[in-house]
Amino acid sequence: MIGGEPYPEVDQTGLSCLAPQVFLETAGSLRMIQLQPGDDPVEVAERHRAAHPQDTRFRLMYVTRFSLPETGDAVICGAARTYPADPEELLQQGLPETWAGVTVTCHARPHRCPPDAVVHSGQVIAGGRVLALTSWGPGWTPTGA
């Protein structure tokens, strides 16, 4: 993220000036934990597994976010979901308590949602920081449900 902008516009310098963010992603539940410089991915995975014993498979994801200048009016899906404000309810669902009360909006192009699909995605942003990327839809079931 550059200057608080999660998707900085690309200019003539291209992507060379954008450092990728590194995430530890859990396979299956698709939780993404942003790693900070100096973090040992194995240690972070072990701490995560201590809180979520069902998560035993991980992968490292290198993400470079960017955007292109808009041309005209961009139409987005706009579907939104607000996470419960009660941290206990979040923990029961296997979600971090820092997501309490956060609203996430799908910025993808408009799309249809089959009844069993998880088709929306957006950033979980709290306190001006991108905490994670998440997906949801009519077929979404909380982890702890």
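Just so we're clear, the structure is a prediction, and the values are computed from it rather than from any experiment.

Participant: For this particular structure, what's the right way to read the environment of A85?
Facilitator: Turning to its location among the elements, A85 is positioned in the loop between β4 (80–82) and α2 (87–92). Classification of A85 as exposed rests on a relative accessible area of 60%. Linking A85 and G101, residues 16 residues apart in sequence, is a C-alpha distance of 4.2 Å. If we ignore the near neighbours within four places in the chain, the residues touching A85 are A100 and G101.

Participant: In this structure, what is going on with a nonpolar patch on the surface? I would like to understand it.
Facilitator: Side chains of L15, F66 and L68 sit close together on the surface and give an oily, nonpolar patch of about 290 Å² of accessible area. Along the chain, the position of L68 falls in the loop between β3 (58–63) and β4.

Participant: What exactly am I supposed to notice about the environment of Q36 here?
Facilitator: Here Q36 lies in the loop between β2 (32–35) and α1 (41–51). Its relative accessible area of 38% is what places Q36 among the partly exposed residues. Taking C-alpha positions, Q36 is 8.5 Å from Q21, a pair spaced 15 residues apart along the chain.

Participant: Teacher, can you tell me more about the pattern of salt bridges here?
Facilitator: Oppositely charged side chains can pair when the atoms bearing their charge come close. Counted by the stated rule, this structure contains two salt bridges. The salt bridge partner of E25 is R59, with a shortest N-O separation of 2.3 Å. On the criterion of sequence distance, the pair formed by E25 in strand β1 (residues 21–26) and R59 in strand β3 is long-range, its members being 34 residues apart. On the accessibility criterion, E25 (8% relative accessible area) is buried. What makes R59 partly exposed here is its relative accessible area of 36%.

Participant: How should the packing of aromatic side chains be read in this particular structure?
Facilitator: Given two aromatic rings, their pairing is described by the distance between the two centres and the angle made by the two planes. Overall, the coordinates contain one aromatic pair when judged by the stated rule. The ring of Y83 carries R81 above its face, with NZ or CZ at 4.3 Å from the centroid.

Participant: How should I be thinking about the pairing of β2 in this particular structure?
Facilitator: When a strand is regular, its side chains alternate between the sheet's two faces. For β1 and β2, the ladder comprises four bridges, and the chain directions are antiparallel. Looking at the pairing, E25 lines up with M32 of β2. Between β1 and β2, which follow one another and run antiparallel, lie five residues, and G28 among them has a positive phi close to 100°.

Participant: Is there a simple way to explain the sheet that holds β1 in this structure?
Facilitator: The pairing of strands in a sheet comes from backbone hydrogen bonds and takes either a parallel or an antiparallel form. With respect to topology, three strands assemble into an open sheet ordered β2-β1-β3, the strand pairing being antiparallel. Looking at strand neighbours, the two that pair on one side only are β2 and β3, the edges of this open sheet. The sheet shows a mean angle of 30° between the axes of neighbouring strands, direction not considered. Bridge analysis of β1 against β3 gives six bridges, and the strand direction is antiparallel. From the neighbouring strand, F23 faces β3, where its bridge partner is M61.

Participant: How do you make sense of the confidence of the model for the protein chain when you look at a structure like this?
Facilitator: Predicted coordinates in regions of low pLDDT should not be interpreted in detail. In this model, the protein chain carries a mean pLDDT of 82, and residues with pLDDT of at least 70 account for 88%. Mean pLDDT across the secondary structure elements of the protein chain bottoms out at strand β7 (residues 129–136), with 81, and peaks at α1, with 95.

Criteria and thresholds
- Throughout this description, residue numbers start from 1 for each chain and increase along the sequence as written.
- It should be noted that, the model being predicted, local features are given only for residues of pLDDT at least 70 and side-chain atom pairs only at 80 or more, the latter also being counted only at that level, while totals for whole chains, interfaces and linings use all residues.
- As a convention, hydrogens and water are excluded, and side-chain values are obtained from all of the structure's heavy atoms.
- In DSSP terms, a helix is any run of H or I states spanning at least four residues, a strand is any run of E spanning at least two, and both are numbered starting from the N terminus.
- Accessible area is worked out with a 1.4 Å probe on protein chains only. A residue is then buried under 20% of its type maximum, exposed over 50%, and partly exposed in between.
- Contacts are assigned to residue pairs that have any heavy atoms within 4.5 Å of one another.
- Exposure above 30% relative accessible area and the absence of a salt bridge qualify a residue for a patch, where like charges join within 9 Å and nonpolar side chains (Val, Leu, Ile, Met, Phe, Trp, Tyr) within 5 Å.
- Per-residue accessibility takes into account occlusion by the displayed protein chains alone, with areas from the Shrake-Rupley method and a 1.4 Å probe.
- Throughout this description, the term salt bridge denotes a Lys or Arg side-chain nitrogen within 4 Å of a carboxyl oxygen of Asp or Glu.
- Working definition: a ring pair exists when centres of Phe, Tyr or Trp rings (six-membered ring for Trp) sit within 6.5 Å. Plane angles under 30 degrees give stacked, over 60 give edge-to-face, the rest tilted.
- To sit over a ring, a charge needs its Lys NZ or Arg CZ within 6 Å of the ring centre and within 35 degrees of the ring normal.
- We call two strands paired when DSSP finds no fewer than two bridges between them.
- Axes here refer to lines fitted to C-alpha atoms; in helices the fit is confined to the stretch in contact. Angles between the N-to-C directions go from 0 to 180 degrees.
- A residue's pLDDT is simply how confident the predictor is in it, with values from 0 to 100.

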